[in-house]
Amino acid sequence: MTTARTTTSTRQPLHIGAILQQVTWLEKEEIAEEKGKIIAMPVSPAGPEQPGLPPAARKAINKKIRQCVKNLEGNYDLYLGYLELELDDAAARQEADLADDMKFSLAYYAWQLHHSA
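Residues numbered from 1 in each chain as written. Predicted model: local features only at pLDDT ≥ 70, side-chain atom pairs only at ≥ 80, totals over all residues. Heavy atoms only, no water.

Asks: Which residues make up the overall build of the protein, and what values do they have?
Replies: Secondary structure summary: the protein contains four helices and zero strands in total. Counting over 117 residues, the protein shows a buried share of 17%. Here the contacts in the protein between residues at least 6 apart in sequence split such that 52% fall between residues at least 24 apart. Taken as a whole, the protein presents about 9,700 Å² of accessible surface, with 56% of it coming from carbon and sulfur. (Helix = DSSP H or I, 4+ residues; strand = E, 2+ residues; numbered from the N terminus. Buried < 20%, exposed > 50% of the residue type's maximum accessible area, 1.4 Å probe, protein only. Contact = heavy atoms within 4.5 Å. Areas by Shrake-Rupley, 256 points an atom, 1.4 Å probe, with all protein chains shown as cover.)

Asks: Explain a nonpolar patch on the surface to me, and be specific about the residues and the numbers.
Replies: Together, Leu53, Ile61 and Ile65 make up an exposed nonpolar region whose accessible area comes to about 230 Å². Here Ile61 lies in helix H2 (residues 55-84). (Patch = residues over 30% accessible without salt bridge, like charges linked within 9 Å, V, L, I, M, F, W, Y side chains within 5 Å. Salt bridge = Lys/Arg side-chain N within 4 Å of Asp/Glu carboxyl O.)

Asks: Before we move on, can you summarise the pattern of salt bridges with the specific residues and values?
Replies: Using the criterion set out here, one finds two salt bridges in the structure. The salt bridge partner of Asp101 is Arg93, with a shortest N-O separation of 2.7 Å. Residue classification places Asp101 among the exposed residues on the basis of a relative accessible area of 54%.

Asks: Residues and numbers for the nonpolar core, please.
Replies: Of all hydrophobic cores here, the largest spans 10 residues; its members are Val69, Leu72, Tyr76, Tyr79, Ala92, Ala96, Leu98, Phe104, Ala107 and Ala110. Listing elements by their share of this core, those giving two or more residues are H2 and helix H4 (101-116). Here this core gets four residues from one element, more than from any other, and that element is H2. (Core = buried A, V, L, I, M, F, W, Y, C linked by side-chain atoms within 4.5 Å.)

Asks: Just give me the short version of the packing of aromatic side chains, but keep the residues and values in it.
Replies: Overall, the coordinates contain seven aromatic pairs when judged by the stated rule. Taking 5.6 Å as the distance between ring centres and 65 degrees as the angle between the ring planes, the aromatic pair formed by Tyr76 and Tyr108 counts as edge-to-face. With a gap of 32 residues between them, Tyr76 in helix H2 and Tyr108 in helix H4 connect regions that are remote in the sequence. (Phe/Tyr/Trp six-rings, centres within 6.5 Å; stacked < 30°, edge-to-face > 60°.)

By themselves these figures say nothing about function.
Okay, here's the thing in structure tokens:
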């Protein structure tokens, strides 16, 4: 008697650094496309084949991700501005809409990504 095997795939969440690195590569790709150049992408580890999205859908998603990163960066800039105005940390985070710790961390990494390049 044979029994069927069941498999469960566990998807691990992406690290924020990997997402932000992908955003930078997307920006470099767009600049290269405008100039008609080809750039080398970093080698990623081989994983199981997954059906991909059509190019138009990927482009729309990438655009939304970049806009999200820009919004988070702007929120962190506001936070820094409120700190310069000598607001305490909690009030500055509240005014910059960064009261949530996860959103604050994402905003910091988005700001750091822009200012380190």
